[in-house]
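# Summary of the model geometry
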Amino acid sequence: MTHSVDVSDKENSKTIISKYLQGQFSEHLGSGVYGGLWVGTDSDIPNTNGIRNDVVTALKKIDIPVLRWPGGFFADNYHWYEGIGPFEKRRRIINSSWGGKLETNAFGTHEYFELCRQLGCESYININFSSGSIKEMADWLEYMTAPAGSMADLRSKSGHPEPWNLHFLGIGNESWGGGGHMTPEFYSDRYKLWQSFVRQYNDKPFYKIGVGPNIDDFHWTDTVMKNAYEYMDGLSLHHYGLTDIWDNKGDAVEFQPKEWNSLLYSIQKMDYFITEHVKRMHRYDQNNRVKLIVDEWGDWLRAQAGTNPNFLRQQNTIRDAVMAATTLNIFAKHADSVYMANIAQMVNVLQSMILTKGSQMILTPTYYIFDMYKHHQDAQLLSAYSDNGDPLNYTISKKNNHYIISICNTNYEQSQNISIKFANKLGTPDYAKQLHADALNAHNTFDDPDNVKLKPFKDYSISMNNLKVNLADKSVITLAIPIIGDEL
Ligand code: AHR
């Protein structure tokens with residue numbers, strides 16, 4: 001089947017694909033932080049201020065725009081003051097959210113901002129809205145962002161006189177579930193109270209994100225928006241891709257073709273959830289000021305054999321890469337209403353970019369999707385498409401006098417053709433990459449780290465303002481094509 005797309009009349013599009021749609025999430029969960037990111041200054045694993053150099057070097061290449069921390073569930077057990085000051089004095093706690101692992105609090109506020117500095121990304125902190133207090137939240141905000149005052153003095157004593165830049169602030173996590181089993185009425189009243197004590201210490205207001213729905217809980221969205229939308233900038237949505245029901249998660253590697261399809265079906269529901277939640281948000285927020293923030297998404301599969309199931313460590317195959325590309329295309333399709341998204345999670349947990357084992361590290365197929373899609377960050381959207389009956393989905397954007405084209409073929413057996421007509425004459429691509437594998441479950445291991453990786457893409461032709469692409473089965477490509485000459 002050949003798809004024909006005409007974007008020649010889209011040059012005046014005002015929609016920007018927010019770079020934050022490629023955000024990441026790291027939680028104190030399994031080896032998501034300890035071992036995966038933080039090894040400590042005394043470690044034999046090469047590190048800078050306790051953070052592994054190999055992982056940071058790899059992550060820097062995908063231009064991470066923002067990192068959500070410290071949870072997730074863990075955020076509601078996290079007390080920031082236990083994670084500052086000399087390491088030996090920090091309180092050791094049981095991580096009751098995730099498997100009862102000892103939490104040393106070695107990775108705290110200072111280490112998180114140091115990680116953001118090394119990655120060159122912005123910060124997104126989720127405060128403790130369940131077992132914390134308003135005072136604890138207010139003190140933490142003052143500690144992080146005030147230039148002077150009692151909490152700023154404490155920060156200085158702990159080695160960081162300068163305030164940090166904190167823009168994104170999550171007020172609660174899954175308050176409808178593990179974050180407190182609240183009703184939307186109770187949550188929204190409580191949200192209004194807590195947000196009243198979010199004081200600003202610089203001229204950049206916090207971007208306040210309220211807890212939004214779980215998948216298709218439209219009543220939650222309706223109620224929270226009605227009661228509190230004036231007090232928030234974003235409303236979160238969580239949706240994970242599953243192969244079956246929640247209690248019967250499919251294996252990440254040993255799966256049948258039908259589980260490729262069921263996972264695809266599950267992740268494509270994102271399109272429907274966004275459409276339906278945004279519709280309800282606009283009933284109250286008619287100017288589309290409050291954006292949807294999909295701050296947890298990705299494939300949730302069975303934990304790797306031999307690992308603690310509470311640590312959510314899973315392998316990652318070409319199937320996950322195709323799911324990630326499809327999801328990023330869905331976000332681009334809704335770029336007017338979705339401002340940030342954070343894949344769960346960055347290292348060693350769920351659909352990660354990186355897996356580590358001791359001093360070793362491998363990049364996952366999903367990593368390479370982000371490597372290709374980084375070209376769309378803050379680009380002008382020309383067209384984005386995804387439909388659950390169609391094996392092809394794509395994002396076409398314009399940035400720095402280039403057209404950026406990413407196309408995903410979700411069909412694991414058949415190749416697909418697509419032709420795209422642009423307004424301007426096309427030059428020779430200065431970036432043309434593809435991710436493809438023969439086996440349905442192709443993945444990287446510590447013994448074979450380069451089994452799935454980006455390769456040059458050549459199966460295209462260009463004539464004037466027309467591009468023709470042939471996509472192999474289960475593949476994702478990105479082209480960056482310089483625009484030469486004026487509109488035709
Ligand atoms: O990402 C793992 C967990 O999934 C998060 O901690 C929680 O918010 C969600 O249910």
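All values reported here derive from a predicted model rather than from experimental measurement. (Residues numbered from 1 in each chain as written. Predicted model: local features only at pLDDT ≥ 70, side-chain atom pairs only at ≥ 80, totals over all residues. Heavy atoms only, no water.)

### Comments concerning the overall build of the protein chain
- Along the backbone of the protein chain there are nine helices and 26 strands.
- The C-alpha radius of gyration computed for the protein chain amounts to 22 Å, which stays within 12% of the reference 23 Å derived for 488 residues, consistent with globular compactness.
- Along the first, second and third principal axes, the C-alpha atoms of the protein chain reach 65 × 55 × 45 Å.
- For the protein chain, the residues scored as buried account for 61% of the 488 residues in total.
- A separation threshold of at least 6 residues defines the contact pool for the protein chain, and within that pool the share at least 24 residues apart is 75%.
- Total accessible area on the protein chain stands at roughly 18800 Å², and carbon and sulfur atoms take up 48% of it. (Helix = DSSP H or I, 4+ residues; strand = E, 2+ residues; numbered from the N terminus. Rg over C-alpha atoms; globule rule 2.2 N^0.38 Å. Buried < 20%, exposed > 50% of the residue type's maximum accessible area, 1.4 Å probe, protein only. Contact = heavy atoms within 4.5 Å. Areas by Shrake-Rupley, 256 points an atom, 1.4 Å probe, with all protein chains shown as cover.)

### Some points on the sheet that holds strand E11 (residues 207-210)
- The sheet built from eight strands closes into a barrel, its strands ordered E3-E6-E9-E10-E11-E12-E13-E14 with parallel pairing. Strand after strand, the sheet turns through a mean of 25° between neighbouring axes, direction not considered.
- Inspection of the sheet shows strand E12 (residues 234-241) paired to strand E13 (residues 291-299) by seven bridges, in the parallel sense. Paired with glycine 241 across the bridge in E13 is aspartate 299.
- Across the face of the sheet, helix H8 (residues 318-333) comes into contact with E13 and strand E14 (338-344) while running at roughly 170° to E13. (Pairing = 2+ DSSP bridges. Axes fitted to C-alpha atoms, helices over the stretch in contact; angles between N-to-C directions.)

### Focus: the environment of leucine 392
- Relative to the assigned elements, leucine 392 resides in strand E18 (residues 392-399).
- Along the sequence, leucine 392 and valine 476 sit 84 residues apart, while their C-alpha atoms lie 9.7 Å from each other.
- Residue contacts for leucine 392: discarding those within four places in its chain leaves His3, Tyr385, Ile407, Cys408, Asn409, Gln416, Asn417, Ile418 and Leu471.

### Details of the pairing of strand E19 (residues 402-409)
- Burial within E19 is extensive, with eight of its eight residues counted as buried.
- Side chains of E19 alternate between two faces, with His402, Ile404, Ser406 and Cys408 and Tyr403, Ile405, Ile407 and Asn409 buried alike.
- Where E18 meets E19, eight bridges bridge the pair, whose relative direction is antiparallel. If you follow serine 397 over to E19, its bridge partner there is isoleucine 404.
- Here E18 folds back onto E19, and the loop between the two strands holds two residues, one of which, asparagine 400, carries a positive phi near 50°.

### Points about the site of the ligand
- In the region of the ligand, the neighbouring residues are Phe25, Glu27, Gly72, Phe73, Trp98, Asn173, Glu174, Tyr240, Glu296, Trp300, Gln345 and Leu350.
- Contact between the ligand and glutamate 27: an oxygen atom at 2.7 Å from a side-chain N or O atom of the residue.
- Note that an oxygen atom of the ligand is positioned 3.0 Å from one of the side-chain N or O atoms of asparagine 173.
- In isolation the ligand exposes 280 Å². Once the protein is present, 96% of that is buried. (Near = heavy atom within 4 Å. Polar contact = N/O pair within 3.5 Å; in protein donor to acceptor, adjacent residues only side chain to side chain.)

### Details of the sheet that holds strand E24 (residues 460-463)
- In spatial order, the strands read E1-E20-E25-E24; together these four strands make up an open sheet with mixed pairing. If you trace the sheet from one side to the other, it starts and ends with strand E1 (2-6) and E24, each paired once. Each neighbouring strand pair of the sheet contributes to a mean axis angle of 15°, computed without reference to strand direction.
- Relative to strand E20 (residues 416-421), E1 runs parallel, the two being bridged by five bridges. In the sheet register, serine 4 faces E20, and the bridge partner there is serine 419.

### Looking at the packing of helix H6 (residues 218-228) against helix H7 (residues 257-284)
- At a minimum axis distance of 9 Å, the contact between H6 and H7 shows a crossing angle of 30°. Accordingly, the angle class assigned to the pair H6 and H7 is roughly parallel. As for the relative orientation of H6 and H7, their crossing is right-handed in sense. Taken together, the residues of H7 that come into contact with H6 (itself represented by Phe218, Thr221, Asp222, Met225 and Lys226) are Tyr272, Glu276, His277, Arg280, Met281, Arg283 and Tyr284.
- Of the residues contributing to the contact of H6 with H7, the split by class is five nonpolar, two polar and five charged. (Parallel < 35°, antiparallel > 145°, perpendicular 65-115°, else oblique. Left-handed = near helix turned anticlockwise from the far one by under 90°. Nonpolar A, V, L, I, M, F, W, Y, C, P; charged D, E, K, R; others polar.)

### A look at the packing of helix H5 (residues 184-195) against H6
- At their nearest, the axes of H5 and H6 sit 9 Å apart, and the two run at 35° to each other. Crossing of H5 over H6 shows right-handed handedness. When H5 is examined against H6, the residues Pro184, Glu185, Tyr187, Ser188, Tyr191 and Lys192 are found in contact with a partner set consisting of His219, Trp220, Thr223, Val224, Asn227 and Ala228.
- Looking at the contact of H5 with H6 residue by residue, the class counts come to six nonpolar, four polar and two charged.

### Thoughts on the UniProt feature "domain: Alpha-L-arabinofuranosidase C-terminal" (unreviewed entry) in the protein chain
- Residues given the UniProt feature "domain: Alpha-L-arabinofuranosidase C-terminal" (unreviewed entry) here are residues 295-475.
- As a span, residues 295-475 carries 14% helix and 39% strand, and end to end its C-alpha atoms are 26 Å apart. (UniProt positions renumbered as here; feature names shortened; annotations may be inferred.)

### Remarks on the domain arrangement of the protein chain
- Taken domain by domain, the protein chain comprises domain 1 (18-379) and domain 2 (392-487).
- One C-alpha centre belongs to domain 1, the other to domain 2; they are set 29 Å apart.
- On the domain 2 side, the residues contacting the 39 residues of domain 1 number 35 residues.
- Buried surface at the junction of domain 1 and domain 2, both sides included, amounts to about 2900 Å², of which 67% is carbon and sulfur.
- Along the contact surface separating domain 1 from domain 2 lie zero salt bridges. (Domains from an automatic or database assignment. Buried area = accessible area lost by both parts, 1.4 Å probe. Salt bridge = Lys/Arg side-chain N within 4 Å of Asp/Glu carboxyl O.)

### As for H5
- Between its terminal C-alpha atoms H5 stretches 16 Å, which fits the 16 Å expected from 12 residues at 1.5 Å a residue.
- Regarding H5, the residues found buried are Pro184, Tyr187, Ser188, Arg190, Tyr191, Trp194 and Gln195. Around the axis of H5, the buried residues are gathered within 165° of arc, so they sit on the same side.
- Packing partners of the buried residues in H5 comprise strand E9 (122-127), helix H3 (134-145), strand E10 (168-171), E11 and H6. (Expected span 1.5 Å × (residues − 1). Arc of directions from axis to C-beta.)

### Regarding the nonpolar core
- Judged by nonpolar contacts, the single largest core of 120 residues is most densely connected at Leu59, Trp297, Phe331 and Ile369.
- For this core, the element with the highest residue contribution is H8, accounting for 10 residues.
- For this core, the two domains that each supply at least three residues are domain 1 (18-379) and domain 2 (392-487). (Core = buried A, V, L, I, M, F, W, Y, C linked by side-chain atoms within 4.5 Å.)

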